Structure formats: C-alpha cells, structure tokens
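Here is what each chain is made of, one letter per residue.
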Amino acid sequence: MKKVGDGYVLELYHGPTCAFKDVALSLLPHLLTASAKKCGVTDEICILTATSGDTGSAALSGFSNV
C-alpha cells in the first residue's frame, strides 16, 4: 500500500497477490521442475512469456530461485 494524497493505492507489481493467476504462477515452476526431473531432463529450461499488467511480476517472482 502506498499513500497518495488522502488515500492509499495498492501496488501490484511487487510480486504475487492472492489472485488465482498468481497462485497458479507460484505453483507452476515447482510442477515444471518436478516434471523435468521425472522425465530425466537435465538441460536448462528457458521460459518465454508475454504479459500485461501485474501478471509479469507474479511470473518472475514465481520462477525466481527455482
């Protein structure tokens, strides 16, 4: 939350929220790595995305450190 004048604004670009897409994006990297491990994939995995709004930061946050 950021104070703007007499009110507050919720900034959604700092990482995932509780929205369904953000919850799914936080689970997806773990499912992807578990699947790669089960299938014996040892190559680096490159993920290319296109997004708008706050979804990009949620995706980046979900895949960071995984």
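Below: a short report on this structure.

Reading the values: rules and limits
Each residue is numbered by its place in its chain's sequence as written, counting from 1. pLDDT decides what is reported in this predicted model: residues at 70 or higher carry local features, side-chain atom pairs at 80 or more are listed and counted, and totals for whole chains, interfaces and linings draw on all residues regardless. Side-chain measures were taken over the full set of non-hydrogen atoms in the model, leaving aside hydrogen atoms and water. Segments assigned H or I by DSSP are reported as helices when at least four residues long, segments assigned E as strands when at least two residues long, and all are numbered from the N terminus. Only C-alpha atoms enter the radius of gyration, while the globule expectation follows 2.2 Å times N to the 0.38, with N the number of residues. The criterion for a disulfide is a pair of cysteine sulfur atoms lying within 2.5 Å. Burial status follows relative accessibility: with a 1.4 Å probe on protein chains alone, a residue under 20% of its type maximum counts as buried, one over 50% as exposed, and anything between as partly exposed. Residue count minus one, scaled by 1.5 Å, sets the expected span of a helix. The term bend refers to the angle at a residue between two fitted axes, each drawn through seven residues, those ending there and those starting there. Contact between two residues is taken to exist if any of their heavy atoms lie within 4.5 Å; hydrogens are not considered.

Here the focus is the overall build of the chain. What the chain contains, in helices and strands, is two helices and two strands. The order of α-helices and β-strands along the chain, N terminus first, is β-β-α-α. Its C-alpha atoms give the chain a radius of gyration of 15 Å, more than 25% over the compact-globule value 11 Å for 66 residues. Expressed along its principal axes, the backbone C-alpha trace of the chain runs to roughly 55 × 20 × 20 Å.

In total, this model carries zero disulfides according to the counting rule given. For the unlinked cysteine Cys39, the closest cysteine sulfur is that of Cys46, found at 19 Å.

We now examine the environment of Ala59. Of note, Ala59 is situated in helix H2 (residues 55-63). For the pair Ala59 and Ser26, spaced 33 residues apart in sequence, the C-alpha separation works out to 7.3 Å.

For the rest of this paragraph, the subject is the environment of Thr49. Along the chain, the position of Thr49 falls in the loop between helix H1 (20-38) and H2. Thr49 gets classed as exposed once you look at its relative accessible area, which sits at 56%. Counting along the chain gives 10 residues from Thr49 to Ala59, while the straight-line C-alpha distance between them is 8.8 Å.

Here we take up H1. Here H1 spans 27 Å end to end across 19 residues, near enough to the 27 Å set by a 1.5 Å rise per residue. Along its length, H1 shows its largest kink, about 30°, at Leu27, and proline Pro29 lies within four residues downstream of that point. For H1, the complete set of buried residues consists of Asp22, Leu25, Pro29 and Ala36. Immediately downstream of H1, the backbone of Gly40 shows phi near 75°, a positive value.

Within the fold, Thr55 resides in helix H2. Beyond its immediate sequence surroundings of up to four residues, Thr55 is in contact with Lys21 and Leu25.

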